[in-house]
Amino acid sequence: RPPPGATSPGADVADATDVNARCGRDEDCASSSVGGVCDVTTGRCVQCLAARDTCPAAQRCDEATNVCVAGCRNDEGCAGDGGAGGRCNTATHACVECVTNDHCGPGRLCVGSTCVTGCDPSHGCPSGQSCCGGACVETASNAAHCGRCDNLCTAANATAACTNGTCGVGTCNAPFADCNAMAADGCEVDMSSAVAHCGA
């Protein structure tokens, strides 16, 4: 019988075998308490390998220690993460809303791992809108981009309007009026002084 405080010979042998045993394949690590994966480059049993990560979905294999640690390695690890986002930033191993613009819907861009309102030539706008200066606009009704981007509507003595992609007169500035119904000259009559259109 071993003296008090001494470990049994069987335990010493098992520990020594577990620590020092060499492996050539995963099967050699089946009974290892260190891990069930064989690192063939070192011939040691480890918990995981970064090259073929077998850690649980919400964890990743730390390549320096070959141990499973907290953090995602792909989008699967971000499922049900409590609202942080369903995408995995593989550089930081954090779950985020987006990593690329393709992760955001039309009319939204990925900025700082968050989808924000915007567009660019490669990631456009919802149907019926055009990307003008990084913003999605309805060119059918937008007076600054009427019918096409950067087509600004103007009207003399009035606030211009855009209707069905065509510039026109919106609201006349008092006391002016659009008596000829022509958008080209805006609100052309000063009703406070025009003899032919006195007051109306």
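Given the structure is predicted, the values throughout are model-derived calculations rather than measurements. (Residues numbered from 1 in each chain as written. Predicted model: local features only at pLDDT ≥ 70, side-chain atom pairs only at ≥ 80, totals over all residues. Heavy atoms only, no water.)

It is worth spelling out the state of the cysteines at this point. Inspection of the entire model under this criterion finds 14 disulfides. Between the sulfur atoms of cysteine 55 and its disulfide partner cysteine 68 the distance amounts to 2.0 Å. Note on the cysteine 55 and cysteine 68 pair: the S-S dihedral is about -90°, so by sign convention the disulfide is left-handed. Here the residue cysteine 55 occupies a position in the loop between β2 (44–46) and β3 (59–62), and cysteine 68 occupies one in strand β4 (residues 67–70), the gap between them amounting to 13 residues. When its relative accessible area of 17% is taken as the criterion, cysteine 68 is described as buried. Between the sulfur atoms of cysteine 125 and its disulfide partner cysteine 136 the distance amounts to 2.2 Å. Linking cysteine 125 and cysteine 136, the disulfide has an S-S dihedral of approximately -90° and is accordingly described as left-handed. Here cysteine 136 lies in strand β10 (residues 135–137) and cysteine 125 lies in the loop between β8 (114–117) and β9 (130–132), a separation of eleven residues in the sequence. (Disulfide = S-S within 2.5 Å. Helix = DSSP H or I, 4+ residues; strand = E, 2+ residues; numbered from the N terminus. Buried < 20%, exposed > 50% of the residue type's maximum accessible area, 1.4 Å probe, protein only.)

Time to look at the pairing of strand β11 (residues 158–163). Each regular strand displays side chains that alternate between the two surfaces of the sheet. Here β11 pairs with strand β12 (residues 166–172) via six bridges, running antiparallel. Note that in β12 the partner of cysteine 162 across the bridge is cysteine 167. Remark: two residues form the turn of the hairpin made by β11 and β12, two consecutive strands paired antiparallel; asparagine 164 in that turn has positive phi of roughly 55°. (Pairing = 2+ DSSP bridges.)

Trans is the prevailing form of peptide bonds, just as negative phi is the prevailing case for residues other than glycine. Note that the residue after alanine 174, namely proline 175, is joined by a cis bond; omega there is 5°. By secondary structure assignment, the location of proline 175 is in the loop between β12 and β13 (176–177). One non-glycine residue, asparagine 164, adopts positive backbone phi at about 55°. Following the sequence through the fold, asparagine 164 ends up in the loop between β11 and β12. A relative accessible area of 70% means that asparagine 164 is categorised as exposed.

Right, let's talk about the confidence of the model for the protein chain for a bit. For the protein chain, the average pLDDT comes to 87, and 88% of its residues sit at 70 or higher. For the stretch residues 6–19, pLDDT sits under 50, and the model shows seven contacts to residues farther than four places along the chain or on other chains. (pLDDT = per-residue confidence, 0-100. Contact = heavy atoms within 4.5 Å.)

On to the nonpolar core. By size, the foremost hydrophobic cluster in this structure holds seven residues: Cys146, Cys153, Ala155, Ala158, Ala160, Cys162 and Cys187. If we skip the residues at most four places from it in the chain, alanine 158 touches Val169, Thr171, Cys172, Asn173 and Cys187. (Core = buried A, V, L, I, M, F, W, Y, C linked by side-chain atoms within 4.5 Å.)

Glancing now at the side chain of serine 32. Locating serine 32 in the fold gives a position in the loop between α1 (9–20) and β1 (37–39). By relative accessible area, serine 32 is classed as buried at 17%. Of note is the side chain of serine 32, whose polar atom sits 3.1 Å from the backbone nitrogen of valine 34. (Polar contact = N/O pair within 3.5 Å; in protein donor to acceptor, adjacent residues only side chain to side chain.)

Examined against the element boundaries, histidine 123 turns out to sit in the loop between β8 and β9. In terms of polar contacts, histidine 123 uses its side chain to reach the backbone carbonyl oxygen of asparagine 101, at 3.2 Å. Reaching out from histidine 123, the side chain makes a polar contact with the backbone oxygen of cysteine 104 at a distance of 3.2 Å. Contacts of histidine 123, omitting those with residues within four sequence positions, involve Asn101, Asp102, Cys104, Gly105, Pro106, Arg108 and Leu109.

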